[in-house]
Amino acid sequence: MKKGVFAAALAGLAATAVVASAAVAGPSGPAAPAQLAQCTNVALGFVGPLTGPAGFLGQEQLSWARFAVSEYNRANRTRFRVALGDTRLQAPVARTVARRFVSDRNVMGIIGPSESQAVRVGGKLYQNANLAAVSGSATAIDLTKGRPYRTFARVVPNDAIQGPTIVNYVQRTLRARNVVVIDSQDDYSVPLAQAITRALRARNVTVSRESVAADDTDFSSIVANVGSNVNVVVFATQVATAANTLSNQLREQGKRAIVFGTDGAYSPSQYKPRNGYVSVFAPDLNLDPRARAIVRAYNRFSNNRDFGAFGPATYMATWVLMTAARTACADGRLARAEVVQQVRRTNVPSIIGPRIRFDAKGDLRGGGTFVIYRVTNGNYRPAVG
Amino acid sequence: MDWDKVVQLTVNGLTAGAVYALVALGFSMVYGILKLLNLAHGDIVMVGAFIGWGVLGWLGGAQDPSVAVWLLIVLMVLAAMAGCGFLGVAIERFAYRPLRRAPRIAPLISALGVSFFIQNSVLLLWGADFRGYDSIDLIDVEVGISWGPLSVWAIRLIVMGSAVAMMLALWLLVTRSKLGKAMRATAFDREAAAMMGIDVDRVIVKTFFIGSALAGAAGVLIGLVFFSFNYFTGFGYGLKGFTAAVVGGIGSIPGAMFGGVFIGLAEAFSVGYIEDFTRGRLGSAFSDLVVFMILVLFMLFRPQGIFGKPDVKKV
């Protein structure tokens, strides 16, 4: 009897909670952020892989996002904070994270999503909730083509720039005639690898395709497939140590091909081939004398945490959102739609390139440029960009 | 047929297989004694890799080690074995022993919890970055056996040799020692073993220690030969080790050894030839499909594995 009463009470409570949450959410579903009549304690939702196979990239991005918030709050006496959303590099999880942030009335903008797949599953939700999302690393072309997600923007160039940059360099400068292109079976690398393959084949370069799992650490059997006549292995990866292992295993098996890594492969402490290349969407601040002050400040902030290209780009994405929110709050009230409008009008100096201004699609005005670094015995120097 | 490629793939498969076999042994030993799938076993492998990394850093790093390279590797392996052995004992004491008389689903869920606990503890302690031993600074990749187009790096030889040595030592322990006899008796019938005067708790603790120590050694070998690992790496190796244990016959020590090598070779050859066999329809991305199809086929047609015996019950 007691059990029955308890179950009925529980069911009643659950039903009340459902009705109450529906009433709060209103007819449009998400919370009504326009009613938030104060600009302090504004949260920015960080959406990226904080754990899982790409957790190290998300952690770097989060660290730079927090650094940006700390610097901005200090300089402008604001009280922005970062709310965490771990996608684990899984689309269904990213959708859950998106739903959570959409329904959190304090969240006024999304730092990210970091991965293209997380934009695909969350982009419409952010759009319907009028929530601005500014990514520092989602580079897939389709995210802005035809403007499917109207509140999405990115501070880095897209793969329509990266693909041709790599292809030009591989074919014209390295004069490669025989290339292997490897993807790591994720939404980032597969389209990029396919685009590079198509473009190289169009230029009469012989291309073989291979594929590895994102968390693979042994490529020795892939290397056995690399012929002795192959000049370059293009590896579209988000993991620098994977590119390093591939390079070592090519040497181990006496193959003369060099590795050309992309984006995530950029890491002077982890990708240290005897001879190799890497293309990346943002320059390395460690190698830029003009960035000494900010690198020093970040090292102080993070206790000398190692970083590559992903962190500084996310710093800029966070900065864009905070600038937009602060401008939108000039009248003491802040609504998500105002932040979206202000993000579209962004015109801020950048630590990773020219001033950040967005075109109508949410891409960088002018497209931006990718940087190619040549790596010799672990030493990086810019080759293009 | 490209025989150079075949030989190279065989070497690759044997190296990976030796590591899988060490992981599978831990699965098999624990299952044999407790009928428990220790889902945290892969994470113990990962902890072993981190302990080895810590010892390497403590002794000056790969570029400038303060002791001879062979001694450095031995110390890394021993430290990882000891650390992981005690970790295994702690897991058994706090996560599995209180549930020994609970329904079988309870320790399984507890094992899953332990797996997440270890992963997140390592994430908290060392972050999510990939770590590496930089083993090419210890022994250059060009040092080893070169025979025509075939080249085998010295580290691969060390990995295969030490894995085989550890497996032989374990086999001798289980078949020739008093402890081994107690382990076999406990695996056969725990209650009867207790009635014969065997301290079953102590045998289980020792089994966990040995199985986890082997996982720790596997972690160091993975770091040495495959260069990198992070807090999440253990999951994949755990899954492959489990597959190897099932294929060989879970609970059987020779089965685990055979299963490891079988899965290692299957994986290497599927990467090398899947595209040719499927006329370009499937690429190397599908090598895991082959490996786990083998698992499914064994579960369907020979669930006891190659070396296992069918579980006959009186009705």
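Conventions and cut-offs
Residues numbered from 1 in each chain as written. Chains lettered and ligands numbered in written order. Predicted model: local features only at pLDDT ≥ 70, side-chain atom pairs only at ≥ 80, totals over all residues. Heavy atoms only, no water. Helix = DSSP H or I, 4+ residues; strand = E, 2+ residues; numbered from the N terminus. Rg over C-alpha atoms; globule rule 2.2 N^0.38 Å. Buried < 20%, exposed > 50% of the residue type's maximum accessible area, 1.4 Å probe, protein only. Contact = heavy atoms within 4.5 Å. Areas by Shrake-Rupley, 256 points an atom, 1.4 Å probe, with all protein chains shown as cover. Pairing = 2+ DSSP bridges. Axes fitted to C-alpha atoms, helices over the stretch in contact; angles between N-to-C directions. Buried area = accessible area lost by both parts, 1.4 Å probe. Salt bridge = Lys/Arg side-chain N within 4 Å of Asp/Glu carboxyl O. Polar contact = N/O pair within 3.5 Å; in protein donor to acceptor, adjacent residues only side chain to side chain.

S.K.: Give a detailed account of the overall build of chain B, specifying residues and quantitative values.
M.R.: Per the secondary structure count, chain B includes 12 helices and four strands. Relative to its length of 315 residues, chain B is compact, with a C-alpha radius of gyration of 20 Å against a globular reference of 20 Å. Along the three orthogonal principal directions, the C-alpha set of chain B runs to about 60 × 50 × 40 Å. The burial tally for chain B puts 52% of its 315 residues in the buried class. Within chain B, counting contacts between residues at least 6 apart in sequence, those at least 24 apart form 76% of the total. A total of about 14500 Å² of accessible surface is found on chain B, and carbon and sulfur atoms cover 69% of it.

S.K.: How would you explain the sheet that holds strand β11 (residues 371-376) of chain A if you had to name every residue and give the values?
M.R.: Strand pairing in a sheet relies on backbone hydrogen bonds. The paired strands run either parallel or antiparallel. Residue and element names in this part refer to chain A. Pairing within the open sheet is mixed, and its seven strands lie in the order β7-β6-β8-β9-β10-β11-β12. Each having just a single partner strand, β7 (206-211) and β12 (379-384) make up the two edges of the open sheet. Between one strand and the next, the sheet's axes are offset by a mean angle of 25 degrees, whatever the strand orientation. The pairing of β11 with β12 spans five bridges and is classified as antiparallel. Of the residues in β12, the one forming a bridge with T376 is N379. The sheet contacts of helix α6 (residues 189-202) involve β6 (178-183), β7, β8 (232-236) and β9 (258-262), and relative to β6 the element is tilted by about 165 degrees.

S.K.: Describe the interface of chain B and chain A, listing the residues and the values that go with them.
M.R.: If you look at the interface, chain B gives 31 residues, while chain A gives 31 residues. Between chain B and chain A lies a buried interface of about 2800 Å² when both sides are counted; carbon and sulfur atoms form 47% of it. Broken down residue by residue, the surface that chain B buries against chain A is led by F130, V141 and F227 of chain B, which jointly contribute 20%. Summed over the shared surface of chain B and chain A, the result is five salt bridges. In this structure, K272 of chain A engages D134 of chain B in a salt bridge whose closest nitrogen and oxygen atoms are separated by 3.3 Å. Across the contact surface, chain B and chain A share eight residue pairs in polar contact (both at pLDDT 80 or more). Mapped by element, the contributors of at least two residues to the side of chain B that touches chain A are α1 (3-34), β3 (150-153), α9 (200-226) and α11 (253-277) of chain B.

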